[in-house]
Amino acid sequence: MSPLLRTVNRVLLGLAGLVLICCGGAVLAAGLGLAVPSWWPWYGKGDVLLSQADRDRWRDQGWWWPTVIAALAVVVVLALWWLLAQLRRARLAEVLVDSGDGEGALLRGRALEGALADEAGTLDGVARAQVALTGRRSSPRARIRLLMEPHAAPWTTNSSAKSGARSTA
């Protein structure tokens, strides 16, 4: 998990917890009949969160419902972004490579990504290469992004591809 995602997670969870504790404490204090300040939104057991007058106050304003819907849409989009960020698979920390002698060798994932990116970057017509390893350490998958130079023609046939195969470089 990236440091940015970790920070966003902690901030969001902390804010959600703080809001829930404050709202729960306010409702509990009013429900128990404790003395509450004059600015407190609830006064007793029979009090409601929003009175009829509060609910009807903005109904006749033309900007009210579009603003409410836009704010809720922003909240939903941010929540979906956060959920998808949680479900995204992280890069592999290490990769198990068969060494041929019956035992395996562990390679650091970032080192293997760097080696693959360096190798792809040396190909003719590649300006920059980015590699990300995903999957399991015993069966990794590589996601490779290549930035091609303007003169590059990636789907041209090379001299050994006269039999109809295309070059994949």
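Refer to the structure above for everything that follows.
Residues numbered from 1 in each chain as written. Predicted model: local features only at pLDDT ≥ 70, side-chain atom pairs only at ≥ 80, totals over all residues. Heavy atoms only, no water.

Helix and strand content of the protein: four helices and four strands. Listing each helix as α and each strand as β along the protein from the N terminus yields α-α-α-β-β-α-β-β. The burial tally for the protein puts 14% of its 169 residues in the buried class. Taking the contacts inside the protein whose residues are at least 6 apart along the sequence as the reference set, 28% of them involve residues at least 24 apart. Accessible area of the protein: about 13400 Å², with a carbon and sulfur share of 63%. (Helix = DSSP H or I, 4+ residues; strand = E, 2+ residues; numbered from the N terminus. Buried < 20%, exposed > 50% of the residue type's maximum accessible area, 1.4 Å probe, protein only. Contact = heavy atoms within 4.5 Å. Areas by Shrake-Rupley, 256 points an atom, 1.4 Å probe, with all protein chains shown as cover.)

Assignment of secondary structure puts Glu113 in helix α4 (residues 109-121). Polar contacts involving the side chain of Glu113 include one to the main-chain amide nitrogen of Leu133, which spans 2.8 Å. Sequence-distant contacts of Glu113, defined by excluding residues within four places in its chain, comprise Arg91, Val131, Ala132 and Leu133. (Polar contact = N/O pair within 3.5 Å; in protein donor to acceptor, adjacent residues only side chain to side chain.)

The next point concerns helix α1 (residues 3-31). In this model, α1 (29 residues) spans 42 Å end to end at C-alpha, consistent with the 42 Å of a helix rising 1.5 Å per residue. Among the residues of α1, Leu5, Asn9, Ala26, Ala29 and Ala30 are the ones counted as buried. Packed against the buried residues of α1 are α3 (64-87). Gly33 occupies a position one or two residues after α1 and carries a positive phi of about 80°. (Expected span 1.5 Å × (residues − 1).)

On to the packing of α1 against α3, then. For the pair α1 and α3, interaxial distance at closest approach is 11 Å and the crossing angle is 130°. Taken together, the axes of α1 and α3 are oblique relative to one another. Once α1 is placed against α3, the crossing between them reads as left-handed. Judged by residue contacts, Leu5, Val8, Asn9 and Leu12 of α1 engage Trp81, Trp82, Ala85 and Gln86 from α3. Of the residues in the contact of α1 with α3, the class split is six nonpolar, two polar and no charged. (Axes fitted to C-alpha atoms, helices over the stretch in contact; angles between N-to-C directions. Parallel < 35°, antiparallel > 145°, perpendicular 65-115°, else oblique. Left-handed = near helix turned anticlockwise from the far one by under 90°. Nonpolar A, V, L, I, M, F, W, Y, C, P; charged D, E, K, R; others polar.)

On to the packing of aromatic side chains, then. Counted according to the given criterion, the structure contains two aromatic pairs. A ring pair is formed by Trp63 and Trp64, whose centres lie 5.9 Å apart and whose planes are at 80°; its orientation type is edge-to-face. Overall, the relative accessible area of 43% leaves Trp63 in the partly exposed class. A ring pair is formed by Trp64 and Trp65, whose centres lie 6.3 Å apart and whose planes are at 65°; its orientation type is edge-to-face. Overall, Trp64 belongs to the partly exposed group, its relative accessible area being 25%. (Phe/Tyr/Trp six-rings, centres within 6.5 Å; stacked < 30°, edge-to-face > 60°.)

When you line up the elements, Arg128 lands in strand β3 (residues 126-135). As for Arg128 and Leu146, which are separated by 18 residues in sequence, their C-alpha atoms are 5.9 Å apart. Ignoring any residue separated from it by four or fewer positions in sequence, one finds Arg128 in contact with Arg145, Leu146 and Leu147.

Of the strand pairs in this sheet, strand β1 (residues 94-98) and strand β2 (residues 104-108) are connected by five bridges, and their pairing is antiparallel. What sits directly across from Asp98, in β2, is Gly104. Linking β1 to β2, which pair antiparallel, is a turn of five residues; within it Gly100 sits at a positive phi near 90°. (Pairing = 2+ DSSP bridges.)

Moving on, we get to a nonpolar patch on the surface. Together, Val76, Leu80, Leu83, Leu84 and Leu87 line one region of the surface with nonpolar side chains, adding up to about 500 Å² of accessible area. Its location among the elements puts Leu83 in helix α3. (Patch = residues over 30% accessible without salt bridge, like charges linked within 9 Å, V, L, I, M, F, W, Y side chains within 5 Å. Salt bridge = Lys/Arg side-chain N within 4 Å of Asp/Glu carboxyl O.)

On their own, these measurements won't tell you what the molecule is for.
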